[in-house]
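So the chains spell out like this:
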Amino acid sequence: MPLLYPLLLAAFLFGVGIYGVLARRNAVLVLMSVELMLNAVNINLVAFNAYLRDQLVGGQVFALFVIAVAAAEVGIGLAIVLLIFRNRETVNVDEIDLLRW
Amino acid sequence: MSGQEIAFGVLAVFGGLAALAVVTARNVVHSALFLVVSLASIAGVYLLLAAPFVAFVQVIIYVGAVVVLLLFGIMLTRAYNGPVRGPVDWRDDSSPQTPLIGRRVLDNAPAARLGAAVVGASVFGMLSVFLIQAFGGERIEAGAPTSLDQLGTSIFQRFVLPFEAVSVLLLAALIGAIVLSRRD
């Protein structure tokens, strides 16, 4: 299989994730878009692992690390979103401007 | 064109279209369900790239845990207990029936969305050009799937320090989530 196929899929998913982060205002949807971008990175890691035939399978190990970090990130992120919703009754990222001034 | 490439093409089309649906769906719950399709397609891509363990971890953690967590988040942040006049439209759109708290999670204005689409498309376009120039003729040779034996040996010998760091990070995230979300 050409190496380009998974790399282009990853680039497409990354672009879609960027669009989601910039265009949507619901904080939960922004978190989902970040998950899409992390998955794009994982596809790159696994594809280069297969391409380089790494004896240490470093790409797959790092993909597993990224999955673990993403799980931690979504847990903390949703806790913060729920806390903000409890205090301000909104999950709109444009209205959450406590740290702006 | 080999069977592997055809399978990859099918998975890539499903995963890409589902990812587009995630960021464009009006209903946030639909976004989460499309995210399941996209993540499952990516797990299939990992299987084709000779990484079965990563594929199973993807299904267990992302489809099993992260999406369920996101669905709980959607559920808990759309609660509305006040009085609403007229038929309630809980979808994430601009219909006048949508209650105020539902209207607050609208999309950005069309101009801002167009700008975001331009940024996303240009990132994809630039990355594609660079990738085609850099890796145009390279091929992934079909090989045996990575054995769990090999992966475990690598994690617990070469990468044991990052592994321990990730375990401490998960503990810290767990404690942080409990501290953030408990009522006191």
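The coordinates are above.
Remember, predicted model here, so these are calculated numbers, not experimental data.

Caption draft 1: Representation of the overall build of chain A in the model. In terms of regular secondary structure, chain A is built from three helices and zero strands. When the helices and strands of chain A are placed in sequence order, the string is α-α-α. In terms of overall size, chain A is more extended than a compact globule, its C-alpha atoms giving a radius of gyration of 17 Å where 101 residues would be expected to give roughly 13 Å. Across its three principal axes, chain A shows a C-alpha extent of roughly 50 × 25 × 20 Å. Counting every position in chain A, which comprises 101 residues, the buried fraction comes to 59%. Put simply, of all contacts in chain A between residues at least 6 apart along the chain, 57% involve residues at least 24 apart.

Caption draft 2: Local environment of the packing of aromatic side chains. Tallied over the full model, the rule gives seven aromatic pairs over all chains. Taking the centre distance of 5.5 Å and the plane angle of 80° together, the rings of A:Phe12 and B:Phe124 count as edge-to-face. With A:Phe12 in helix H1 (residues 4–23) and B:Phe124 in helix H5 (residues 110–135), the pair connects residues from two separate chains. Among the residues examined, A:Phe12 registers a relative accessible area of 24% and is labelled partly exposed. Ring centres of B:Phe156 and B:Phe163 lie 4.9 Å apart, and the angle between their planes is 65°; on these two criteria the pair is classed as edge-to-face. Accessibility expressed as a relative area gives 52% for B:Phe156, which makes it exposed. An aromatic cluster is defined as three or more aromatic residues linked by ring pairs; in this entry it consists of A:Phe48, A:Tyr51 and B:Phe135.

Caption draft 3: Geometry of helix H3 (residues 58–88) of chain A. In this model H3(A) runs 44 Å from its N-terminal to its C-terminal C-alpha over 31 residues, within 8% of the 45 Å that 1.5 Å per residue would give. One or two residues past the end of H3(A) sits A:Glu89, with phi positive at roughly 55°.

Caption draft 4: Representation of the interface of chain A and chain B within the structure. Between chain A and chain B, the residue contacts involve 75 residues of the former and 86 residues of the latter. At the boundary of chain A with chain B, the tally comes to zero salt bridges. Those elements that place two or more of their residues in the side of chain A that touches chain B are H1, helix H2 (27–52) and H3 of chain A. Its residues assigned to classes, the side of chain A that touches chain B shows 53 nonpolar, 12 polar and 10 charged.

Caption draft 5: Seen up close, the packing of H3(A) against helix H7 (residues 160–181) of chain B. Across the interface, H3(A) lies against H7(B) with an axial gap of 9 Å and an inter-helix angle of 10°. In terms of orientation, H3(A) and H7(B) fall into the roughly parallel class. Regarding H3(A) and H7(B), the two cross each other, and that crossing is left-handed. Contacts between H3(A) and H7(B) involve A:Phe65, A:Ala68, A:Val69, A:Ala72, A:Gly75, A:Ile76, A:Ala79, A:Ile80, A:Leu83 and A:Arg86 from the first element and B:Pro162, B:Phe163, B:Val166, B:Leu169, B:Leu170, B:Ala173, B:Gly176, B:Ala177, B:Leu180 and B:Ser181 from the second. By residue class, the composition of the contact of H3(A) with H7(B) is 16 nonpolar, three polar and one charged.

Caption draft 6: Main features of the packing of H2(A) against H3(A). Residues and elements named next belong to chain A. Where H2 meets H3, the closest approach of the two axes is 9 Å, and the angle between their N-to-C directions is 175°. Classified by the interaxial angle, the pair formed by H2 and H3 is roughly antiparallel. Of the residues assigned to the contact of H2 with H3, the class counts are 15 nonpolar, six polar and two charged.

Caption draft 7: Quick peek at the side chain of B:Thr146. In this fold, B:Thr146 is placed in the loop between H5 and helix H6 (148–157). There is a polar contact of 2.8 Å between the side chain of B:Thr146 and the side chain of A:Gln60. A polar contact is formed between the side chain of B:Thr146 and the backbone oxygen of B:Ala50, at a distance of 3.1 Å. Discounting residues that sit within four places of it in the chain, B:Thr146 has contacts with A:Val57, A:Gln60, B:Ala50 and B:Pro52.

Caption draft 8: Quick peek at H7(B). Its 22 residues place the ends of H7(B) 32 Å apart at the C-alpha level, agreeing with the 32 Å of an ideal helix rising 1.5 Å per residue. Turning to H7(B), its buried residues are B:Val166, B:Ala173 and B:Ala177. The buried residues of H7(B) all sit within an arc of 30° when viewed along its axis, so they share a single face. In this structure, H7(B) carries B:Leu161, B:Val168 and B:Val179 as exposed residues pointing more than 90 degrees from its buried face. Lining the buried residues of H7(B) we find H3 of chain A.

Rules and cut-offs
- Residues numbered from 1 in each chain as written.
- Chains lettered and ligands numbered in written order.
- Predicted model: local features only at pLDDT ≥ 70, side-chain atom pairs only at ≥ 80, totals over all residues.
- Heavy atoms only, no water.
- Helix = DSSP H or I, 4+ residues; strand = E, 2+ residues; numbered from the N terminus.
- Rg over C-alpha atoms; globule rule 2.2 N^0.38 Å.
- Buried < 20%, exposed > 50% of the residue type's maximum accessible area, 1.4 Å probe, protein only.
- Contact = heavy atoms within 4.5 Å.
- Phe/Tyr/Trp six-rings, centres within 6.5 Å; stacked < 30°, edge-to-face > 60°.
- Expected span 1.5 Å × (residues − 1).
- Salt bridge = Lys/Arg side-chain N within 4 Å of Asp/Glu carboxyl O.
- Nonpolar A, V, L, I, M, F, W, Y, C, P; charged D, E, K, R; others polar.
- Axes fitted to C-alpha atoms, helices over the stretch in contact; angles between N-to-C directions.
- Parallel < 35°, antiparallel > 145°, perpendicular 65-115°, else oblique.
- Left-handed = near helix turned anticlockwise from the far one by under 90°.
- Polar contact = N/O pair within 3.5 Å; in protein donor to acceptor, adjacent residues only side chain to side chain.
- Arc of directions from axis to C-beta.

These figures capture arrangement, not role.
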